[in-house]
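# Residue-level structural notes
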Amino acid sequence: MRRPLLASLAALAAGASLVAAPLAAAAPAAGAEPPRTGFERSDGTEWTSLEDEARFLRQVDRDSDRVSIRTIARTAQDRPVRMVQIGSGPRSQQEVAEGSTLLLLCLQHGNEPAGREACLSTVRDLAYATDARTQRLLDRTTVLVVPTFNPDGRAADTRQNSAGVDLNRDHLVLTQPETQGLARVLRDLRPDVLHDAHEYGGTPELYDRDLISLWPRNRNVDDRVHALARQLSLTYVNGTVEDAGFSTGIYGIYNGPDGEPVAQVAGDEDERILRNLAGLRHVAGLLVETRIDDGLEDDPEGNVRRVNSQLAAVRGTLSMVLEKRTQLARQTAAARERAAQEGASGDSPYYLGGADNRLPERSEVLFEPPCAYELTAEQFSSVRRTLTLHGIETTRSGGTVTVSMAQEAQPVIPLLLDERAEYEVAAGTPVACGA
């Protein structure tokens, strides 16, 4: 029997949703009929087209005074990367940056469409909902949604963008317009929480949960931000998904017949991946992945399962933001301050390798990290855009540019400028503390 398509977040769990009733009964903000996605209209037989998405978002924007839409980037094929801002009343960039902010990002990989459908439905549900719980969320928190981060990849049904780049391996160096646009969002709007939606190909009996998730594993992520991200993944997201009737697990972990872990095959500390890079930028975030069954990629029932489990995961994230908004905002702000203090003192080790579940090799640790890196004018010219997009500040004296570690972007700086880092973009000269 086909599992019915959820009409809204409300159907996930009676009495605990962020939308009070199924969407068909919700009153539109401007009295119009709420739009449905192409996926919903087709009962899961077709994914929402890019053209249908544009029409859908125009109607939501027109109907709801909670919604504003901007283009954060244009792709190599000149498609817009749209971001929807949802909240009660207009909020300036500064108000968003200083307040409680959640970022939902979908479709980094163009052939992983289920999360995108969940993002579109969530935009609609938050825009039109009339219940007190959703109103309380939107009164206190700005929700940013990027439904289609890789529109060129979606048009071609490819993992990569039209330049052949895996966008989820480009959040450190920032070579692509899509990742550059998102870096500006992280820099300027400072979300406290990131929800990054993906899909994966399962392996029967070993790696076949409906939804798996993972927090940032990079060892340079602030301890308290790391703890919040782990709680988001294991308690709020996985817990909500299980309550909705789906199976869950940890990304990259194979399980044996008894359910116990037998191998780790992915989910490392790679700083180019968004969940890790966002953690290094003091965002409590996670990656979620729904299972695509081999040979059943176009099966409507499977498609609906994938979207429903993505919706359950989104609901878990929204619930944590609603319940822990103050703690999340306080700890992410404090993490920025702690990073600057650690960078100024140089008395905490810095890790060029290792993860929260893998001890680094001795060669991967800077036991006495520098307090700054110096660049030549030529080096700075080649990396200036990347540094600026990450919010990394510099000072110039003659022909030398100095990048102090005493700033909130401190966890990112050695990954870009230390010659021992795997993906460094310029081999800066380390300046010892006290020099």
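Computed from a predicted model, the values in this text were never measured in an experiment.

Between helix α5 (residues 132-140) and helix α10 (residues 300-345), whose axes approach to 10 Å, the crossing angle comes to 65°. Of the two elements, α5 crosses α10, and the hand of that crossing is left-handed. Only Leu 318, Ser 319, Val 321, Leu 322, Glu 323 and Arg 325 of α10 make contact with α5, whose side of the interface consists of Arg 133, Arg 136, Leu 137 and Arg 140. For the contact of α5 with α10, a count of residues per class yields four nonpolar, one polar and five charged.

If you check the domain split of the protein chain, you get domain 1 (38-336) and domain 2 (370-431). Computed over C-alpha atoms, the centres of domain 1 and domain 2 are 30 Å apart. Facing 18 residues of domain 1, the contacting portion of domain 2 comprises 13 residues. Here domain 1 packs against domain 2, burying approximately 1600 Å² in sum over the two surfaces, 60% of which is carbon and sulfur. The salt bridge involving Arg 190 is made with Glu 408; its shortest N-O contact spans 2.8 Å. Where domain 1 touches domain 2, the interface holds seven residue pairs in polar contact (both at pLDDT 80 or more). For the side of domain 1 that touches domain 2, the secondary-structure elements that each account for two or more residues are α7 (177-189) and α9 (274-280). At four residues, α7 tops the list of elements feeding residues into the side of domain 1 that touches domain 2.

With respect to the element layout, Ala 278 can be found in helix α9. Given a relative accessible area of 0%, Ala 278 falls into the buried group. Each C-alpha atom, one on Ala 278 and one on Thr 71, is 21 Å from the other, the two residues being 207 residues apart in sequence. Excluding residues that lie within four positions of it along the chain, Ala 278 makes contacts with Leu 194 and Val 283.

Before going further, it helps to spend a moment on the sheet that holds strand β13 (residues 372-376). In spatial order, the strands read β14-β15-β13-β16; together these four strands make up an open sheet with antiparallel pairing. With one partner strand each, in any of the chains shown, β14 (395-397) and β16 (429-431) form the two edges of the open sheet. The mean angle between the axes of side-by-side strands here comes to 30°, regardless of whether they run parallel or antiparallel. Where β14 and strand β15 (residues 400-404) come together, three bridges link them in antiparallel fashion. When the sheet's bridge partners are listed, Arg 396 is paired in β15 with Val 401. Lying on the sheet, helix α11 (residues 377-389) is in contact with β13, β14 and β15; it crosses β13 at an angle near 115°.

A full pass over the atoms with the stated rule returns three aromatic pairs. Pairing Phe 39 with Trp 47 gives two aromatic rings, centres 4.9 Å apart and planes at 10°, and the pair type is stacked. Taking 4.9 Å as the distance between ring centres and 40° as the angle between the ring planes, the aromatic pair formed by Tyr 207 and Tyr 254 counts as tilted. One end of the pair, Tyr 207, is in the loop between β5 (193-201) and β6 (211-214); the other, Tyr 254, is in strand β8 (residues 253-255), and 47 residues separate them in sequence. The exposure class assigned to Tyr 207 is buried, which follows from its relative accessible area of 8%.

What counts and how
- Residues numbered from 1 in each chain as written.
- Predicted model: local features only at pLDDT ≥ 70, side-chain atom pairs only at ≥ 80, totals over all residues.
- Heavy atoms only, no water.
- Axes fitted to C-alpha atoms, helices over the stretch in contact; angles between N-to-C directions.
- Helix = DSSP H or I, 4+ residues; strand = E, 2+ residues; numbered from the N terminus.
- Left-handed = near helix turned anticlockwise from the far one by under 90°.
- Contact = heavy atoms within 4.5 Å.
- Nonpolar A, V, L, I, M, F, W, Y, C, P; charged D, E, K, R; others polar.
- Domains from an automatic or database assignment.
- Buried area = accessible area lost by both parts, 1.4 Å probe.
- Salt bridge = Lys/Arg side-chain N within 4 Å of Asp/Glu carboxyl O.
- Polar contact = N/O pair within 3.5 Å; in protein donor to acceptor, adjacent residues only side chain to side chain.
- Buried < 20%, exposed > 50% of the residue type's maximum accessible area, 1.4 Å probe, protein only.
- Pairing = 2+ DSSP bridges.
- Phe/Tyr/Trp six-rings, centres within 6.5 Å; stacked < 30°, edge-to-face > 60°.

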